Structure formats: C-alpha cells, structure tokens
Amino acid sequence: MRTLANLHVGESGVVQGISAVGAVKRRFLDMGITKGVTVSIERIAPFGDPIAIRLRGYRLSLRKEEAAHIALED
Amino acid sequence: MDKKRTLAIIGNPNSGKTTLFNRLTGSNQHVGNWPGVTVDRKTGTIHYKDRAVDVVDLPGIYSLSPYTQEEIIAREYVLSDELDGILNIVDASNLERNLYLTMQLIALGLPMVVALNFIDDVEQLDIHIDCDALSERLGVRVFPVSARRGIGMDELLRAVTGEMRPPLRQPPYLHGVGAAISRTAELLRPTGLRECSLPFYAHKLLEGDSRAQTRLDLDPAVRAEIEQISAALSSHDNSADKEMILADALYDYLERMVTAAVHHPEKPVETITDKIDRIIINKWLALPIFIAIMCVMFWCTFGPIGSTLGGWMEVLVQEKIGVLLEHALVAAGTSDWVVNLVCDGIIGGVGGVLVFLPQIVILFFFLSVLEDTGYLARIAFIMDTLLRRIGLSGRSFVPMLMGFGCTTPAVMAARTMENEKDRRMTIMLTPFMSCGAKLPVYSLIAGAIFGAYAGLAVICLYLFGIVMAVFAGFLLKKTVFRGVSSGFVLELPPYRLPTFKGTVLNMWEKAKDFITKAGTVIFVMSVVIWLLQNFTPTFAVAVSSADSILGVIGRVIAPIFKPLGFGTWEAAVSLLTGLVAKEAVVSTMSVLYGTGGNLSMLSGLLTGVLTPASACSMLVFILLYMPCISAFATIKREMGGWRWAIGAAVFQTVLAWLAAFVVYHAALLLI
C-alpha cells in the first residue's frame, strides 16, 4: 500500500483513507485530510523528520510515522 | 433596557482572532482564566454608537471535537446558555479549512456573522472572493475585513452590535448525510435541548462522540433508533467509519462552495511565505538561521540589555523604595523587627524577584514576535526529531533553552505548547537546565575544590543537567505521562507581521501576571522564610542564624545529606535558603561561616569542609533539586494546582538526592 510517507519532496498524491485512530485520526480529519484530497510534500525538516505537506491551500507538518497512516490512491 | 448581549469570537488558530478582538474592543478588555484550566479567558466590550455588546475571545480551535483543552472549553461554552451569538473569524487565504469550523458553528443555529480576515493579503495575490456568493451558500452574512489594517471594521461593528440573525439554513450535506442528520435531530427534539443546536448534537451522535452521548443521557429506545440511522448511513465509498464519512461529506461540500466563490488568477503568484520558507526551513540554512535567532534573543534578554535594566530595577527597589520605606517606618516609630521584616524580608524577597521583570518582558517580546510571525511553528518543525526521543515535541525547545537563563519565564513560555501532556512534561524538565542563578554557586564550590579544573567541572554540570533531563524524560514518559502520544500535526502558518498593539498588550499581560505573583505567593513565602530565619523555636529573636528556626530545621534535616557526604547543618541551611533564590546559597554560606563578603576566605574554608567527592555530590544536588520559590510559584500557576507543583518539586528533589548519592559513591571509588 502506498502511503504519504513513501512520497518524495515535490511529489503529490490523492488520499484514499486513514488508518490512524483516536485523537490523531480526528485531527487528520479536522485538518482536511479526507478521502480524495490532493496532498504534496513540500519539504523535509533538517533532521529528516517531520515533513511539511501542502493541502487545501495551506501547509501542515506531521511526522513520517503519522504520514504512514495516510493511504494514497495508486 | 434589554440585557446586554454576549458574543463569542471563534476561529482557527492563526486566523487573526486576537488582532480582531483588540481592534473591536479597544482597551476594554479583561484577562482571566477559564475555570479549572490555565487557558486564558479574555472578555471585552464592543461599543458602536450608543450600542454595546460583550465579547468573549474563545481559544483558537480547528474544530468542535472534544480532544484538546481548547476545543473542550470552546465547545462547552458555545453549548451553554450564556451565549447570544457568534462572530466567526475566517482566514480568507485558507478558506476550505477555516470554513470547516464555520459549518460546525452553523449547525449550532445561533445568530452568527462571519468576518473574512486578511482580505488584503488575498487581494494582493490577485485572488477574488465573491462574498455575496459565500453568504448565499452559507446562509450567514460574510464581511470582508482586515483586522490588522482596520479595513471593513465599520460594517462589521454595525452588524455585531445590531440585530444578528441565525443561519438561514442548515448545510445540505452530500452523500445522504444531511437526511440522516435531520432525522436524528427530529428524534432529539423532545429532549428539551435548545432547538437551534439540534443539528450539532445530531451530527455528533452520528459520529459516535462519547462526550455528547454522556451529556444527553438519552432514552434507550431513542438511542437504538439513532444507531439504526447511523448504521444505514450510506457513503460514497461504503466505509463503515462514521467519523470519516461525516468529515468527507463536509469537506466535499466546502470544496464545491469554495470553487464556486473564489476566483484564482490564471498563473498563481508565489506567496511571500513560500519565498521565506525556501530560505528559513531550507535543509542547510535552517539550523544556522535558527541558532542565530536564538543567540540574538538570549543576548538581548540575559546579556547587557536585560542585565542593565535588571540592575536599574534592583537599584529602584532596594535602594530607592527600600530606603524610603525604611526611613518612613523609622520616622513613624515602628519597632525594629517590623522595619527588619519589611526591608530585609519583603523588599529583599519580593524585590529580588522583581529584578527579573525586565528580562521577562524582553523575553516575552521576542516570544510574542516569534509566535505572531509564524516562526515558532517552524522551530517546532526543525527541532521535533531531537526532542521526541525523550518524549517531548518540537514545541518544547524554546522553553527548555530559556531554562538556561531563568526557570521562571521558561515555565511561562511553555504556554505556547498546544499539547497538555507535552506542556506539563516540559515544565517538569525545564528546571534541570542550569539557570543563571546557579552559576555563582557552581563557581564558588568548583573553584574552591577543583582549582584549575573548575571551568571543566562547571561545563560538566551543565551537560549533566541535560543528561538528567533526558533520563527524567524517559522516566516520566514510562510512568506519569504514559499513553498514546497525540502526535505532531502542526500547521505551518503564513508569515505575517505582528501588530504593535498586539505585541505591547501581550508583554503587558505577562508583566502584570508576574507582578501579581510577586505580590501574592512570593510575598507570603518571603515573610515565612524571614520569620524562620529570625526567630528561635521559642519565638525569641534569634541572635544568629544557628539558633533560628531555620538553623534548627537545618540540624534536623542535615542527616538526610549525610549519605551524600555533606551532612553539616550549614550546608542544609544554605540549601534551604537556596529555595528563595539559588544564588542565596553563596550568601548564606558566607553568613554561616562568618566570612562576610570575602569570597576567597569562604573558598578557603570550604576546602576544609568538602572533599572532592562530597563537592561533586553537593554540586549535583544543587543542580537538580527543586527550583526557587519564584519558579515554584510559576509552576504551580501554570500546572493549575499545588498537587502538580508539589509533585514536581518532590520528583526533582528525590531525583537530586539519588543522583548525588550515586555520584558521591562513584567518586569515592574513583578518587
């Protein structure tokens, strides 16, 4: 399964689903990471984690570990 | 006359809420606390012509989910009966996500208007927003404004002080969700809930929100029926997750609305934020820039500027006010002990703390600017990986770093952290960063015992403090703060210039906070310690500190330090007075050993009292044991209770004792 954590800087993908649970899932949904939205990786922090992504016209940062819970369409 | 109406300003973080609040209320505002929590509660009054409306500034939230402390407060408040209307502030440059909260607020059915902020920024990017189309689709009035520049304020003021109306309609959610919500709302009608908030509860119940379920305490038959509706809720992907279906439906609806109302230029203009971020969080430049900014901040706060202002404050309090007060009291014929209490105890204690005021104001100037510009979020982004190893997040970095200057403002700086668990843990670990006041103590003891190697010993102590913070972090993560981490999902907001008024107001609030604390908790503690120092257990005036209650306590607790190699009553008393201010350890020692201001004599005496091993152990204990009363009082305030503050102090002191014990015995073996 392809997830957001597999993408490289500059690449983008379409969200298929979220496998996170509880507060993290809720936060993802509230921040607009829902099915069908396009996300792109803008940058990676100097120490290799977290990543900065762009979606719905704004920027969000999250850890790779969390990004792995966001499944992308093939 | 009618009862004055109360509005709430609600919006996402970084939507310019505070600027709008300041703009609307002018100086008519009051900062308090929400009951039981440390989140600020700001209230004010809006005056327009002859009309007046009270407003409450709710914490910035992304949604009405009951997860963070801010969300719970905002949600409880909007569901209470105190509220007559909502002023929803929306960031025009980030419409989709901001309107997500707007839709949830519309579901509450309260009278409401939307202020579309940063309209000037959007226009600069050649983006046009059709406010009438938005109004039409949302069913609430939308006003384009720029709170920073004061654009559109007149219309907004007229609207919020005049007659406000509830949303014209509820959103026709997609994927059949709308029908499920209205059917559930019908079922809730007999519960006696406020009619207009039924759609909100319906939405939350379908989602399976446990807080809403507990609050309503529904009839089992009704609950079963709602579960049926929920189960039948069809979605466009046949997913069984109700939370996801509802969020999808809402965002799909918003996407269509925003596409219809917003006109982008053919070729998107690169925003200033994009340009700045290309440099500021660049892979290679991010760290050097970050270090440079931190150095400037520290240099200004603890360097010449801060210490000069602090020096002036000291002169003002000790020499001007102190002397004046002494003369006045003597002239009024007050007895000696009262003069002594006021001048030595209170002026010494409270004044000693007030010396930090200029540094705190400067530090908060920087923090406020860093936060308002959006750089604080970038710091968290840059430093997160290093800090999460000890169970903290990138947000903890600034408070921890400030701990090397002074623990008190460092603990206050932890307020910028949104996650409650991270914040508490940061507060508990910050005191392990050796504050500036510990340095004279280190210098004295290390200088006396280690001679030429004193500098090295002091550096080792600083490093040891960091190592202990890492260790204590692991320990706390495995015990008190166990559980799932809430993750690190952080918005990187656009860079924006802070407003002068906002920055000044912020600094003033912090200063007021600090002065209030100095006038209450620290005042009481100073009096208590003075009494202990100047009276014998039989309440006669103590001739020397050795006879005082403090001296007696010192003798009682001295055996505790025996296993650490420094079980003398002088050491015990010095450590106790170190609670007033860490540097007091030095002055107390000089009093107890009768060396006066002669530090080299004191140093010589210490050589006879301490061995290298016991000096190591004493230094470690001083490094780690509970912070001074000023920091302790701040921790109590920020943690929201004595239980936490005392818990933290006990944790730190026990850890200090154990570490000193290990160090002492290891040193005995090695040396």
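That block above? That's the structure.
Residues numbered from 1 in each chain as written. Chains lettered and ligands numbered in written order. Predicted model: local features only at pLDDT ≥ 70, side-chain atom pairs only at ≥ 80, totals over all residues. Heavy atoms only, no water.

A.B. asks: Can you walk me through the overall build of chain A in this structure?
C.D. replies: Scanning chain A from terminus to terminus reveals 2 helices and 5 strands. Shown N-terminal to C-terminal, the secondary structure of chain A runs as helices and strands in the order β-α-β-β-β-α-β. By the compact-globule yardstick of 11 Å for 74 residues, chain A fits well, its C-alpha radius of gyration being 11 Å. Seen through its C-alpha atoms, chain A measures out along the principal axes to roughly 30 × 25 × 25 Å. By the burial criterion, 59% of the 74 residues in chain A qualify as buried. The contacts in chain A between residues at least 6 apart in sequence include a share of 55% that link residues at least 24 apart. Taken as a whole, chain A presents about 2,700 Å² of accessible surface, with 50% of it coming from carbon and sulfur. (Helix = DSSP H or I, 4+ residues; strand = E, 2+ residues; numbered from the N terminus. Rg over C-alpha atoms; globule rule 2.2 N^0.38 Å. Buried < 20%, exposed > 50% of the residue type's maximum accessible area, 1.4 Å probe, protein only. Contact = heavy atoms within 4.5 Å. Areas by Shrake-Rupley, 256 points an atom, 1.4 Å probe, with all protein chains shown as cover.)

A.B. asks: Could you clarify how one ought to interpret the side chain of Thr-536 of chain B in this entry?
C.D. replies: All names here are of chain B. Looking at the element boundaries, Thr-536 is found in the loop between helix H24 (521-534) and helix H25 (549-561). Judged by relative accessible area, which is 12%, Thr-536 ranks as buried. Those residues within four positions of Thr-536 in sequence are excluded, and the remaining contacts are Val-541, Ala-542, Asp-547, Ser-548 and Ile-549.

A.B. asks: What should I look at first to understand the state of the cysteines in this one?
C.D. replies: By definition, a disulfide links two cysteine residues through a covalent bond between their sulfur atoms. Residues and elements named next belong to chain B. Tallied over the entire structure, the rule returns 0 disulfides over all chains. Cysteine Cys-460 remains unbridged, with the sulfur of Cys-616 as its closest cysteine sulfur at 9.3 Å. A residue is classified by how much of its surface remains accessible, and Cys-460, at 44% relative accessible area, is partly exposed. (Disulfide = S-S within 2.5 Å.)

A.B. asks: Quick question: what am I supposed to make of the packing of helix H21 (residues 439-450) of chain B against helix H22 (residues 454-478) of chain B here?
C.D. replies: How two helices pack is summed up by the angle between their axes together with the distance between the axes. Residues and elements named next belong to chain B. With their axes 8 Å apart at the nearest point, H21 and H22 run at an angle of 135 degrees to one another. As far as their axial angle goes, H22 and H21 are oblique. Crossing hand, H21 versus H22: right-handed. Residues Leu-439, Tyr-442, Ala-446, Gly-447 and Phe-450 of H21 pack against Ala-454, Ala-457, Val-458, Leu-461 and Tyr-462 of H22. (Axes fitted to C-alpha atoms, helices over the stretch in contact; angles between N-to-C directions. Parallel < 35°, antiparallel > 145°, perpendicular 65-115°, else oblique. Left-handed = near helix turned anticlockwise from the far one by under 90°.)

A.B. asks: Help me out: how do you make sense of the environment of Lys-35 of chain A in this one?
C.D. replies: Looking at the element boundaries, Lys-35 of chain A is found in the loop between helix H1 (22-30) and strand S2 (38-44). Sequence separation of Lys-35 of chain A and Glu-73 of chain A is 38 residues, and the distance between their C-alpha atoms is 9.5 Å.

A.B. asks: For this particular structure, what's the right way to read the packing of aromatic side chains?
C.D. replies: How two aromatic rings sit relative to each other is given by the distance of their centres and the angle of their planes. All names here are of chain B. Under the definition given, this model contains 13 aromatic pairs over all chains. A cation over an aromatic ring shows up here: Lys-283 above the ring of Trp-284, its NZ or CZ 6.0 Å from the ring centre. Sitting over the ring of Tyr-495, Arg-378 keeps its end group 4.1 Å from the ring centre. (Phe/Tyr/Trp six-rings, centres within 6.5 Å; stacked < 30°, edge-to-face > 60°. Lys NZ or Arg CZ within 6 Å of the ring centre and 35° of its normal.)

A.B. asks: Whenever I open this one, the sheet that holds strand S4 (residues 58-62) of chain A confuses me. Can you help?
C.D. replies: As a general point, the strands of a sheet are linked pairwise by backbone hydrogen bonds and lie either parallel or antiparallel. If you trace the 6 strands from one edge of the open sheet to the other, you get S5(A)-S1(A)-S2(A)-S3(A)-S4(A)-S10(B), paired in antiparallel fashion. Edge positions in the open sheet fall to strand S5 (70-72) of chain A together with strand S10 (490-491) of chain B, since each of these has one partner strand only. Sheet topology note: the S2 of chain A/strand S3 (residues 51-55) of chain A ladder contains 4 bridges and is antiparallel. When the bridges of S3 of chain A are listed, Ser-40 of chain A appears paired with Arg-54 of chain A. (Pairing = 2+ DSSP bridges.)

A.B. asks: Looking at this structure, I do not really get the layout of surface pockets. What am I missing?
C.D. replies: Gaps between atoms show up when a probe of the same size as a water molecule is rolled over them. Approximately 1,300 Å³ is the volume attributed to the largest pocket. Taken together, 42 residues line the largest pocket, and the ones lying closest to its centre are Gly-57 of chain A together with Ser-93, Leu-125, Ile-127 and Thr-271 of chain B. Listing elements by their share of the lining of the largest pocket, those giving two or more residues are S4 of chain A together with helix H3 (95-106), helix H4 (119-124), helix H11 (242-261) and helix H12 (272-280) of chain B. Broken down by element, the residue count for the lining of the largest pocket peaks at 4 residues, all from H12 of chain B. In terms of domain composition, the lining of the largest pocket takes at least three residues from each of domain 1 (6-161) and domain 2 (177-263) of chain B. (1 Å grid on protein atoms, 1.4 Å probe; cavity = no way out; pocket = protein on both sides within 12 Å on 5 of 7 lines; lining within 4 Å. Points joined across faces, edges and corners; volume = space filled by probe spheres on them. Domains from an automatic or database assignment.)

A.B. asks: Explanation requested: the pattern of salt bridges in the structure shown.
C.D. replies: Pairing between side chains of opposite charge can happen when the charged atoms of each approach one another. In the structure shown here, the tally under the stated rule is 35 salt bridges over all chains. In this structure, Arg-215 of chain B and Glu-76 of chain B form a salt bridge, with 2.9 Å as the shortest nitrogen-oxygen distance. Within this pair, whereas Arg-215 of chain B is found in helix H9 (residues 210-216), its partner Glu-76 of chain B is found in helix H2 (residues 69-79), the two being separated by 139 residues in sequence. Classification of Arg-215 of chain B by relative accessible area gives partly exposed; the value is 40%. Across the salt bridge formed by Asp-121 of chain B and Arg-496 of chain B, the nearest N and O atoms sit 3.6 Å from each other. Within this pair, whereas Asp-121 of chain B is found in helix H4, its partner Arg-496 of chain B is found in the loop between S10 and helix H23 (500-519), the two being separated by 375 residues in sequence. When salt bridges that share partners are traced, they join Lys-25, Arg-26 and Asp-30 of chain A together with Lys-204, Glu-207, Asp-241 and Glu-243 of chain B into one network. (Salt bridge = Lys/Arg side-chain N within 4 Å of Asp/Glu carboxyl O.)

A.B. asks: When you look at the nonpolar core in this model, what are you seeing that I'm missing?
C.D. replies: If you look at soluble globular proteins, the nonpolar side chains tend to sit buried side by side. Core analysis: the largest hydrophobic core is formed by 118 residues, its most contacted members being Met-297, Ile-379, Met-402, Ile-445, Phe-566 and Phe-621 of chain B. With residues up to four places along the chain from it excluded, the contact list for Met-297 of chain B reads Leu-363, Phe-366, Leu-367, Leu-370, Val-398 and Met-402 of chain B. If you look at the next biggest cluster of nonpolar residues, it comprises 93 residues, including Phe-28 of chain A together with Ala-249, Val-258 and Val-489 of chain B. (Core = buried A, V, L, I, M, F, W, Y, C linked by side-chain atoms within 4.5 Å.)

A.B. asks: I'm lost on the interface of chain B and chain A in this one. Help?
C.D. replies: How big an interface is tends to be reported as the loss of accessible area on association of its parts. In this complex, chain B contributes 47 residues to the contact, which on the side of chain A involves 34 residues. Summed over the three residues of chain B that lose the most area to chain A, namely Phe-381, Arg-388 and Val-489 of chain B, the buried surface amounts to 17% of that side. Here chain B and chain A share 13 salt bridges between them. Between Lys-25 of chain A and Asp-241 of chain B there is a salt bridge whose closest N-O contact spans 2.7 Å. Inspection of the region where chain B meets chain A yields 24 residue pairs in polar contact (both at pLDDT 80 or more). If you list the elements that add at least two residues to the side of chain B that touches chain A, you get H3, H11, H12, helix H13 (286-302), helix H17 (375-388) and S10 of chain B. In terms of residue class, the side of chain B that touches chain A is made up of 18 nonpolar, 12 polar and 17 charged. Sheet topology note: the S4 of chain A/S10 of chain B ladder contains 2 bridges and is antiparallel. (Buried area = accessible area lost by both parts, 1.4 Å probe. Polar contact = N/O pair within 3.5 Å; in protein donor to acceptor, adjacent residues only side chain to side chain. Nonpolar A, V, L, I, M, F, W, Y, C, P; charged D, E, K, R; others polar.)

A.B. asks: I keep staring at the pairing of strand S6 (residues 112-117) of chain B and nothing clicks. Help me out?
C.D. replies: In the case of a regular strand, side chains alternate between the two sheet surfaces. Residues and elements named next belong to chain B. In terms of burial, S6 is largely enclosed, as 6 of its 6 residues are buried. Burial of the side chains of S6 extends over both faces: Met-112, Val-114 and Leu-116 are buried on one face and Val-113, Ala-115 and Asn-117 on the other. Where strand S5 (residues 85-91) meets S6, 6 bridges bridge the pair, whose relative direction is parallel. Following the sheet pairing, Val-90 is matched in S6 by Leu-116. Once the chain exits S5 it traverses H3 before rejoining the sheet at S6, and the crossover so formed is right-handed. In this sheet, strand S8 (residues 141-144) lies alongside S6 in parallel orientation, the contact comprising 4 bridges. Across the sheet, Val-113 pairs through a bridge with Arg-141, a residue of S8. (Right-handed = clockwise from strand over helix to strand, strands pointing away.)

A.B. asks: Sorry if this is basic, but what is going on with the side chain of Ser-396 of chain B here?
C.D. replies: One can find Ser-396 of chain B in the loop between H17 and helix H18 (397-402). Among all residues touching Ser-396 of chain B, those that are not within four sequence positions of it are Leu-387, Met-417 and Thr-426 of chain B.

A.B. asks: It is not clear to me how the pairing of strand S3 (residues 40-48) of chain B should be interpreted in this structure. Could you clarify?
C.D. replies: All names here are of chain B. In the sheet, S3 pairs with strand S4 (residues 51-57) via 7 bridges, with the strands oriented antiparallel. Each bridged residue has a counterpart across the sheet, and for Gly-44 the counterpart in S4 is Val-55. The antiparallel hairpin formed by S3 and S4 contains 2 residues in its connecting segment, where Lys-49 sits at a positive phi of about 50 degrees.

A.B. asks: What's the story with helix H16 (residues 357-373) of chain B in this structure? I'm lost.
C.D. replies: Since there are 3.6 residues in each turn of an α-helix, residues three or four apart along the chain are aligned in direction. All names here are of chain B. For H16, spanning 17 residues, the distance from its first C-alpha to its last is 24 Å, which sits close to the expected 24 Å at 1.5 Å a residue. The buried fraction of H16 amounts to 12 of the 17 residues, a majority that puts the element mostly inside the structure. Where H16 is concerned, the buried positions are Leu-357, Pro-358, Gln-359, Ile-360, Ile-362, Leu-363, Phe-364, Phe-366, Leu-367, Ser-368, Leu-370 and Thr-373. Following H16 by one or two positions, Gly-374 has its phi on the positive side, about 100 degrees. (Expected span 1.5 Å × (residues − 1).)

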